[in-house]
Amino acid sequence: MKISDRIAALRGEMEREGIDIWIVPSSDYHQSEYVGEHFKARQYMTGFTGSAGTAVFTRDKACLWTDGRYFIQAEKELEGSGITLCKMGEPDCDTIETFLEKELPVEGVIGFDGRTVGIGEGKGYEAAAARKSGTVSYQHDLVGRIWKDRPGLPGEKAFALEEKYAGESAASKLTRVREKMRERGADIHLLTSLDDIAWLLNIRGNDVAYCPLVLGYIILYMDRGELYADAKKFSEEMLAELTGNGIILRPYDEISEAVSALPASSCVLLDAERVSYELYRRLPENVSVKESENPEILMKCIKNDIEAANIRKAHLKDAAAHTRFMYWLKKNIGKKEITEISAAEKLESFRKEQEGYLEASFEPISAFAEHGAIVHYSATGETNASLEKGKLLLTDTGGHYLEGSTDITRTVALGEVSQKEKEAFTLVTQAMLRLMNTVFLYGCSGANLDCIAREVFWKKRLNFNHGTGHGVGYLLNVHEPPVNFRWKEGKTPAQVLEKNMVITDEPGLYIEGAYGIRLENELLVCEDEKNGYGQFMRFEPLTFVPIDLDALLPEEMTEEERKMLNSYHKKVYETVSPHLNEEEKQWLREYTRLI
């Protein structure tokens, strides 16, 4: 069925239900960033494969909203579909709310599958409908009706994350969460976000591509808990561990009925950004609600010392794999056929040789030449470019290890590249190094520090249309809130940077139709000197892979920036060289030489 046929079929269902506007978000029933195949309804309806976006269909219009990471990709993928791309944040782009106000008829109906829309979003649609004396419809899954070959829910096995990796028992975590429930005056905690559940119970799974998570919900009481998940996913040992922690297993699809039957006069703690609108509407009238960010979010973002030590080990393995790949690429370019996809597969093969490696931590980006300007480019059989000398290759990849998760971007010169590309590469290098070497007082957030990376861009009246960094989970989601580097204010106050948080540093520059450059290291937040001015903080680099000197113009850098790079490269060589053969070691010595 073509996209146009799917839209026509959807409009037939809208007509049948008396719905004027139908909204299709990107999320699953757990408000996840990345979702399993069963939940890719927005992709099915539009053909757009990016991870973020919302499709809106009226009786005669079809639109897709997405952010700056995906503008170029979305334009290509929506071509010929009849769907209009709406570029979020651009001055001439209406918000979804404004669009609804313009398009909804008086007493009209806005429809969406309430399981895939968060509470705040659902309330926003309620308000938009009310402004036109209309209503919302959230009980139907219209896309599910027309998606005849929809993949089923995943049935992959779960596994336990041992305490030597997690650094804390599930029993201890449950105790800490219940303390937060008491502080917030709640006796029940409704938890639906998959990474929070995985962290809390020290379980991992394979239900979402690149995210080692298990589909489930938790209703946590002060004396027990109920986990709504497929029992077949758990071994006898895992079931015994859950039982020992007072966790009873219930069928996944019984969560709605369970929420409807919560005890009278109880107070439920829930996160309005992560609990679905459908479950929210299921809460009994006599149950009070405390809307607050899940306590697990900050707890899991602040790694314990065992996790921090393990993460260093994971990055050492990853650095060895990536450095070997960089050497292989430099040695073989122009001598054998290498494509974007085969390059990504080669890098993955080096990672697979590392002990404790499980899988990629996200879909790999391997982008040659102009494809690098597509921030979240993904090579396909149709777009898979052959690598040639004289251009840049951008790879943004990562791995899940039992010791943690990695995320690294390197842009590599394939032979001699242009002066313009070298100037751009040097600018990105300066930005990344300056942020990585920042010392700051405790109390700063990523919002306070973001301009340290962007300043070199802004001085040249340039910018990049994505955040400078994001938190990284421990064998969880590679994008982990609440910490980030971002100059624009978000919906919630910026999170203070705490000791043992892990955050990426990844500025970039993208010239559409020509090239894209991004460099990304992961950083560990550390305490520095404490004196009369307060507690100073710094970053410890976790990523140790060389910055390609073939693409750099040292004369464009300040003396301080050159010292920063030399110091980093000295550490790269000391850290990684013991894990390389003699040929690779000699190459690394040359590519970490003083500038």
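Residues numbered from 1 in each chain as written. Predicted model: local features only at pLDDT ≥ 70, side-chain atom pairs only at ≥ 80, totals over all residues. Heavy atoms only, no water.

Student: An account of the overall build of the protein is needed here, citing residue identities and associated values.
Tutor: Helix and strand counts for the protein stand at 19 helices and 28 strands. Over its C-alpha trace the protein gives a radius of gyration of 25 Å, about what one expects of a compact globule, namely 25 Å for 595 residues. Put simply, the protein has 595 residues, and 58% of those count as buried. Of the accessible surface of the protein, which amounts to about 24,500 Å², a share of 48% is contributed by carbon and sulfur atoms. Separation of charge centres in the protein, based on 73 positive and 97 negative side chains, amounts to 2 Å. (Helix = DSSP H or I, 4+ residues; strand = E, 2+ residues; numbered from the N terminus. Rg over C-alpha atoms; globule rule 2.2 N^0.38 Å. Buried < 20%, exposed > 50% of the residue type's maximum accessible area, 1.4 Å probe, protein only. Areas by Shrake-Rupley, 256 points an atom, 1.4 Å probe, with all protein chains shown as cover. Lys, Arg positive; Asp, Glu negative; His and termini not counted. Charge placed at Lys NZ, Arg CZ, Asp CG, Glu CD.)

Student: Tell me about the sheet that holds strand β8 (residues 188–191), and please be specific about residues and values.
Tutor: The mixed open sheet is built from 6 strands, whose spatial order is β12-β11-β10-β8-β13-β14. Two strands close off the open sheet at either side, each with one partner strand: β12 (247–250) and β14 (288–291). For this sheet, the mean inter-axis angle between neighbouring strands, taken without regard to orientation, is 20 degrees. By the bridge criterion, 4 bridges tie strand β10 (residues 217–221) to strand β11 (residues 225–228) in an arrangement that is antiparallel. In the sheet register, Ile218 faces β11, and the bridge partner there is Leu227. Contacts between helix α8 (residues 170–183) and the sheet are confined to β8, β10, β11, β12 and β13 (267–270), with β10 contributing the most and set at about 70 degrees to the helix. (Pairing = 2+ DSSP bridges. Axes fitted to C-alpha atoms, helices over the stretch in contact; angles between N-to-C directions. Contact = heavy atoms within 4.5 Å.)

Student: Account for helix α9 (residues 194–201), naming residues and giving values.
Tutor: With respect to burial, α9 is a largely interior element, 8 of its 8 residues being buried. For α9, every residue scored as buried is listed here: Leu194, Asp195, Asp196, Ile197, Ala198, Trp199, Leu200 and Leu201. Following α9 by one or two positions, Asn202 has its phi on the positive side, about 55 degrees.

Student: Any details on the packing of aromatic side chains? Residues and values, ideally.
Tutor: Evaluated as defined, the whole model comprises 17 aromatic pairs. Note on Tyr29 and Phe39: the rings are 4.8 Å apart at their centroids and 80 degrees apart in plane angle, and the pair reads as edge-to-face. In this pair, Tyr29 sits in the loop between β1 (21–24) and α2 (41–46) while Phe39 sits in the loop between β1 and α2, placing the two residues 10 residues apart along the sequence. Comparing Tyr29 with Phe39 shows no difference in burial state: the two are buried. Ring geometry for Phe485 and Phe539: centres 5.8 Å apart, planes at 85 degrees, overall edge-to-face. Pair noted here: Phe485 is in strand β23 (residues 480–485) and Phe539 is in strand β28 (residues 534–541), with a separation of 54 residues, a long-range link. By way of ring pairs, the aromatic residues Phe112, Tyr125, Tyr138 and Tyr277 are connected into one cluster. (Phe/Tyr/Trp six-rings, centres within 6.5 Å; stacked < 30°, edge-to-face > 60°.)

Student: Describe unusual backbone geometry, and please don't skip the residues or the numbers.
Tutor: The residue after Pro481, namely Pro482, is reached through a cis peptide bond having omega 5 degrees. For Pro482, the position within the fold is in strand β23. The phi dihedral of Ser133 falls on the positive side, at around 60 degrees, and the residue is not glycine. Note on placement: Ser133 falls in the loop between α5 (119–130) and β6 (135–137). Phi at Leu475 takes a positive value of approximately 50 degrees, unusual for a residue other than glycine. For Leu475, the location among the structural elements is in the loop between β22 (469–471) and β23. Since its relative accessible area comes to 0%, Leu475 is described here as buried.

Student: For the side chain of Ser577, give the residues involved together with the corresponding values.
Tutor: Looking at where Ser577 falls in the secondary structure, it is placed in the loop between α18 (559–576) and α19 (582–591). Since its relative accessible area comes to 7%, Ser577 is described here as buried. Among all residues touching Ser577, those that are not within four sequence positions of it are Val572, Lys585 and Leu588.

Student: Quick rundown of the packing of helix α16 (residues 419–436) against α18? Include the residues and the values.
Tutor: Contact geometry for α16 and α18: axes closest at 10 Å, N-to-C directions at 75 degrees. In this view, α16 runs roughly perpendicular relative to α18, as classed from their interaxial angle. Counted together, Gln430, Leu433, Arg434 and Met436 of α16 and Glu561, Met564, Leu565 and Tyr568 of α18 form the full contact between these two elements. (Parallel < 35°, antiparallel > 145°, perpendicular 65-115°, else oblique.)

Student: Hey, could you go over the nonpolar core for me, with residue numbers and the actual values?
Tutor: Core analysis: the biggest nonpolar cluster contains 79 residues, and Leu329, Leu387 and Phe539 have the highest contact counts within it. The leading source of residues in this core is α16, at 9 residues. Excluding residues within four positions of it along the chain, Phe539 makes contact with Leu435, Met436, Thr438, Phe440, Leu449, Phe485, Leu497, Ile503, Leu523, Leu524 and Val525. Counting residues in each nonpolar core, the second largest holds 53 residues, with Tyr29, Leu200, Leu269 and Met299 among its members. (Core = buried A, V, L, I, M, F, W, Y, C linked by side-chain atoms within 4.5 Å.)

Student: Account for the side chain of Glu540, naming residues and giving values.
Tutor: Relative to the elements of secondary structure, Glu540 occurs in strand β28. Among the polar contacts made by the side chain of Glu540, one reaches the side chain of Arg312 at a distance of 2.8 Å. Discounting residues that sit within four places of it in the chain, Glu540 has contacts with Arg312, Glu522, Leu523, Leu524 and Cys526. (Polar contact = N/O pair within 3.5 Å; in protein donor to acceptor, adjacent residues only side chain to side chain.)

Student: Give a description of helix α14 (residues 305–332) that names residues and reports values.
Tutor: The end-to-end C-alpha distance of α14 is 41 Å, a good match for the 40 Å that 28 residues give at a rise of 1.5 Å each. Most of α14 is tucked away: 21 of the 28 residues are buried. Between the side-chain oxygen at the start of α14 and the backbone nitrogen of Ile306 there is a gap of 3.1 Å, and the oxygen is on Asn304. A positive backbone phi angle near 85 degrees is found at Gly334, which sits one or two residues after α14. (Expected span 1.5 Å × (residues − 1).)

From the geometry alone we can't say anything about function, so treat these as descriptive.
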